[in-house]
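# Architecture and fold: a report
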Amino acid sequence: MNDFEREEISARSDDSESLDFFPPHYRVGRTKFIVVTGGVMSGVGKGVCTASLSHLLQQLGFSVTTMKIDGYLNVDAGTLNPYRHGETFVLDDGTECDLDLGTYERFLDTTLNRNNYMTSGKIYARILAKERRGEYLGRDVQIVPHVTGEIKYLMRQKAQEGPYDMVLVEIGGTVGDIENVHFIEAARELIRDEGRDNVMYIHVTMVPWSEATGEQKSKPTQHSIKKLLEMGVQPDIIVCRSKHDLQRKVREKISLHCNVPIDHVISSPDTESVYTLPALFQEQHLAETAISRLRLNMPYPAEGEKQVPFVSFLRHARRKNPPLTIAMTGKYSTMKDSYLSITNALEHTEPDEGVQIDVRFLDTTEFDNASPAVLKENLNDVHGILVPGGYGVRGTEGMIRCIRYARERQVPYLGLCLGFQLAAIEFARSVCGVEKATSTEFDPHTQEPLICLLPEQQQIRDLGGTQRLGGHDVALLPGSRVQAMYGRDMVHERFRHRYELNNDYKAAFEKSGVVFCGMTLDQSVMQILDYPAHPFFVATQFHPELLSRPLRPHPLFLAFVQAAKKHQNPS
Ligand code: GLN
């Protein structure tokens, strides 16, 4: 396009405000949108509420997917510190994203992709690239309509991808945050474009308990709804998170002041397990309310066939056994959300194994120089030790001490990613006699680079999105313990790492009794390590926790918990 042509187009494009943000062949009304916003404070469990409703709708026979929108300018969650934001979840296609995507995958028992996740950074990157390509035809590029248009475009693209009956879209943060104004504006425009029957809004809010007056307080919710109304959005359903069940009079107040029928005010009290929440919502007919608001036909199940969501967790919640204690020895242990998928994967084993797992979070930065007595004091009564993933040298000597404790005292050990690398380092130092063994991540000039950069990583300088990411096949060693745990010869697992085991040391390990029983298909990279002389000493370069599902616990977690049970009750 020459400058003259560009000027011509720009003159023409000034005429109209209505730009087209519909993907080709998009059919308005084919997919309904449920937009979920949050109020009062973040971190109240909006993701679990969204996932629970999705699960109920899915159980009723609708095809459903769930998107997460985050306001920050990071393009993805890959460079976020888990200590500040909680765990980074990894999708099969390698997308590094918010932990809510993990919750959705677990509740919907599905595999999501990069189009289920959107950040302001991703939107702006797309818009700036388009602007450089000259696609805006000379117009000034604005938050409205261009940014909001891009957001709506991506929502519609997701809807078409299924095509889905419903797309639930969770907007991160709380109403009033400067970061998510453009997302709420896009949600407001959506009902105008798609029609009233095709879009609805749910607001998840927090109802605090006042110690002084001994009652629940609805005022913060009222304020947050006012804020939402100012932005042009009237919620259809208000989900109230609170410590206890919502009091009748609070429900009435919220209904009156916030302009929703009383049965559209949903109580969401704290529960022992997140997997009991769908049943709680079902009792309050949340899915049915959404379905009738969206003028869909309710697919009534035949009498007696009523589905009870996650029934095994409901039954299990009533059981009380002495807890099985698993030590989570990582460096982000003071922020429990850093290891959300791991605690979920442990919880998934509970109904099958009939156990209550008590996860003891231990911050290994405090063990870097700990004496055996201190370690014993902290680990003496645990039934299993787990070293999770992580980055950087801080806390790793503490983790190595915990692994040594597990190996020497026959305590079941499960190592995940960094936990694989550190298990190898501990074993090499203590058993193979490679005293200086370490990772080049911790000491780039070490004489014993037992763990070193993957070959494809050598030239990479940028940190964002450049690790070995996402789902890859792993070949299991026939006849090995781990192959028996899986009951398969090949598995597909999710990865997120830059470093790997240096094969120059492989023979030394094998001589000392370590079996590498999982590897890349070309057998060049070792990905599972087992020490069969120990009751359970298994470590993986991948993250099995990301694939564990409530009704399908991951085989390695099951085997680990079984070993921990044996350790608790040696027969
Ligand atoms: N820091 C290690 C690596 O990059 C481990 C990564 C992880 O635990 N996710 O390989």
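Relevant structure appears above.
Quick look at the structure, then.

Moving on, we get to the sheet that holds strand β1 (residues 32-38). Within the open sheet, the seven strands sit side by side as β5-β2-β6-β1-β7-β10-β11. Their pairing is parallel. Strands at the two margins of the open sheet, each flanked by one partner only, are β5 (117-119) and β11 (265-269). On average, each strand axis in the sheet is tilted by 20° relative to the strand beside it, whichever way the strands run. Pairing geometry for strand β10 (residues 237-242) and β11, over five bridges, is parallel. Within β11, the position partnered with valine 239 by the bridge is isoleucine 266.

Around the ligand lies a shell formed by Gly389, Gly390, Tyr391, Cys417, Leu418, Gln421, Glu441, Arg496, His497, Arg498, Tyr499 and His543. One nitrogen or oxygen atom from the main chain of leucine 418 is found 3.1 Å from an oxygen atom belonging to the ligand. Between the ligand and the protein, one listed contact pairs a nitrogen atom with a backbone N or O atom of arginine 496 at 2.9 Å. Counting only elements with at least two residues in the shell around the ligand, the list comes to α16 (418-430) and β19 (490-497). Of the residues contributing to the shell around the ligand, the split by class is four nonpolar, five polar and three charged.

The strand order across the open sheet formed by nine strands is β13-β12-β14-β15-β23-β22-β21-β18-β19, and the pairing between neighbours is mixed. The sheet is open, and its two borders are formed by β13 (357-363) and β19, each paired with just one other strand. Across the sheet, the axes of successive neighbouring strands diverge by a mean angle of 25°, strand direction being ignored. Bridging between strand β12 (residues 324-330) and β13 involves seven bridges; their strand directions are parallel. Note on β13: the bridge partner recorded for threonine 325 is aspartate 358. Packing against the sheet, helix α14 (residues 372-379) makes contact with β12, β13 and β14 (384-387), and its axis sits at approximately 155° to β13. Together, β12, β13, β14, β15 (413-416) and β23 (537-540) form the strand contacts of helix α19 (residues 555-568), whose direction differs from that of β12 by roughly 120°.

About the thresholds
- Residues numbered from 1 in each chain as written.
- Predicted model: local features only at pLDDT ≥ 70, side-chain atom pairs only at ≥ 80, totals over all residues.
- Heavy atoms only, no water.
- Pairing = 2+ DSSP bridges.
- Helix = DSSP H or I, 4+ residues; strand = E, 2+ residues; numbered from the N terminus.
- Axes fitted to C-alpha atoms, helices over the stretch in contact; angles between N-to-C directions.
- Near = heavy atom within 4 Å.
- Polar contact = N/O pair within 3.5 Å; in protein donor to acceptor, adjacent residues only side chain to side chain.
- Nonpolar A, V, L, I, M, F, W, Y, C, P; charged D, E, K, R; others polar.
- Contact = heavy atoms within 4.5 Å.

None of this, on its own, says anything about what the molecule does.
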